[in-house]
Amino acid sequence: MNHRLRNFSLGPQDLGIFGSGLTRPECVRTDQDGVWASDDHGGIARVTHNGVAELRGKGVYEPNGYSRTSDGAFIVAGLKDNKVFRIDSSGRVDVVLDQFEGKPLGTVNTAWADTQGRIWVSMMTRRERWFHALNTEPDGYILLIEEGKARIVADGLHLTNEVKVHPNGKYLYGVETLGKRVFRFPIASNGDLGQKEIFGPADLGHGALPDGFNFDQDGNVWVTIVTRNGIMVISEDGETHTIYEEPKLEALDTLVRALQQKTATSEHLVACAGETLTLPTSVAFGGPDRRTVYVGSLGLPHLVTFVSPVAGLKMPGEP
């Protein structure tokens, strides 16, 4: 990790507001058309300084992690629908996948379309709701959809969260929220995944439940720590640096005890919410130099923004 990033930290006064009128902007991305965020009004919102300029699609029940295809369509995970959707440029919504081998998918977190036309789908759990898995053994998994057919490529993950194929196409990266770690799998030419690797520490720290992530040009992974209301950077050599956090220590300790005692509920997580950065869930780089950072969250009606000392890595479809 270079010294510019190692010495970089933020306070509440350094965080700006971008947009308004959003509801649960869990996943944020930038591309040639602007800044986009998932929105609980049922689709994907294009966000400007003045608010929501456009809502693409409707009827998705709690839109969550999404990506965009080369033809401009969004591939979206419906967190409470337990389905994968496609929203085309006109706003039409179609179901891509709603079951696997005759059974419900479980809690669908992210649908990531890669440059080869494949879709990688992360399921937090096979259970109907993610919080049903807070006190159980890991049963998260990843499906690969290719040429209309789905197959499991990874299993036994501990509350699988966001997944993304690295722009170099060599690795599928992802987050195990209850595992408190970032992982990656090497991708074979046929889409099979190799041996799982932990990127950075095997445990990100006390009550540090990761959610979403992105890459910078120096090879680091920027990850949101939802329960500590923070953003951590992990380098390829395993070094970590927290650039911002506002932990609610009493609530965090209560959550950790509940997880250990297997009595945790979604209310324990919600109680950890901060004020300036409220349960952050995703991060994206934008702007002309790719140093403007946009952060999505569970609890704010806008995106949080700041300027990074390093540029983000260009993702497929981004300017």
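Above this text you will find the structure in question.
### A few points about the sheet that holds strand S1 (residues 16-18)
Okay, step 1: Reading across the sheet, the four strands line up as S1-S26-S25-S24 and stay open at both edges, with antiparallel pairing between neighbours. Looking at which strands have only one partner, the edges of the open sheet turn out to be S1 and strand S24 (280-286). Sheet twist, expressed as the mean angle between neighbouring strand axes with direction ignored, is 35°.
Okay, step 2: Alignment of strand S25 (residues 292-297) against strand S26 (residues 303-307), held across four bridges, turns out to be antiparallel. Within the sheet, the bridge partner assigned to Val295 lies in S26 and is Val304.

### A few points about the sheet that holds strand S3 (residues 34-39)
Okay, step 1: Strand order in the open sheet formed by four strands is S2-S3-S4-S5, and the pairing between neighbours is antiparallel. The outermost strands of the open sheet, each flanked by one partner alone, are strand S2 (28-31) and strand S5 (51-56). Direction aside, neighbouring strands of the sheet carry axes that sit 30° apart on average.
Okay, step 2: By the bridge criterion, four bridges tie S2 to S3 in an arrangement that is antiparallel.

### Observations regarding the packing of aromatic side chains
Okay, step 1: The final tally for this structure, using the stated rule, is twelve aromatic pairs.
Okay, step 2: Ring centres of Phe213 and Phe215 lie 5.7 Å apart, and the angle between their planes is 80°; on these two criteria the pair is classed as edge-to-face.
Okay, step 3: Residue Phe215 is classed as buried on the basis of its relative accessible area of 2%.
Okay, step 4: An aromatic cluster is present here, built from Tyr171, Tyr173, Phe199, Phe213 and Phe215 joined pairwise through their rings.
Okay, step 5: Geometry around Phe213 places Lys164 over its ring, the cationic atom sitting 5.4 Å from the centre.

### Things to note about the pairing of S24
Okay, step 1: S24 sits mainly inside the fold: seven of its seven residues count as buried.
Okay, step 2: The pairing of S24 with S25 spans six bridges and is antiparallel. Bridge pairing in S25 links Val283 to Val295.
Okay, step 3: Connecting S24 to the antiparallel partner S25 that follows it, the hairpin turn spans five residues, and Gly287 within it adopts a positive phi of roughly 80°.

Criteria and thresholds
Residues numbered from 1 in each chain as written. Predicted model: local features only at pLDDT ≥ 70, side-chain atom pairs only at ≥ 80, totals over all residues. Heavy atoms only, no water. Pairing = 2+ DSSP bridges. Helix = DSSP H or I, 4+ residues; strand = E, 2+ residues; numbered from the N terminus. Axes fitted to C-alpha atoms, helices over the stretch in contact; angles between N-to-C directions. Phe/Tyr/Trp six-rings, centres within 6.5 Å; stacked < 30°, edge-to-face > 60°. Buried < 20%, exposed > 50% of the residue type's maximum accessible area, 1.4 Å probe, protein only. Lys NZ or Arg CZ within 6 Å of the ring centre and 35° of its normal.

None of this, on its own, says anything about what the molecule does.
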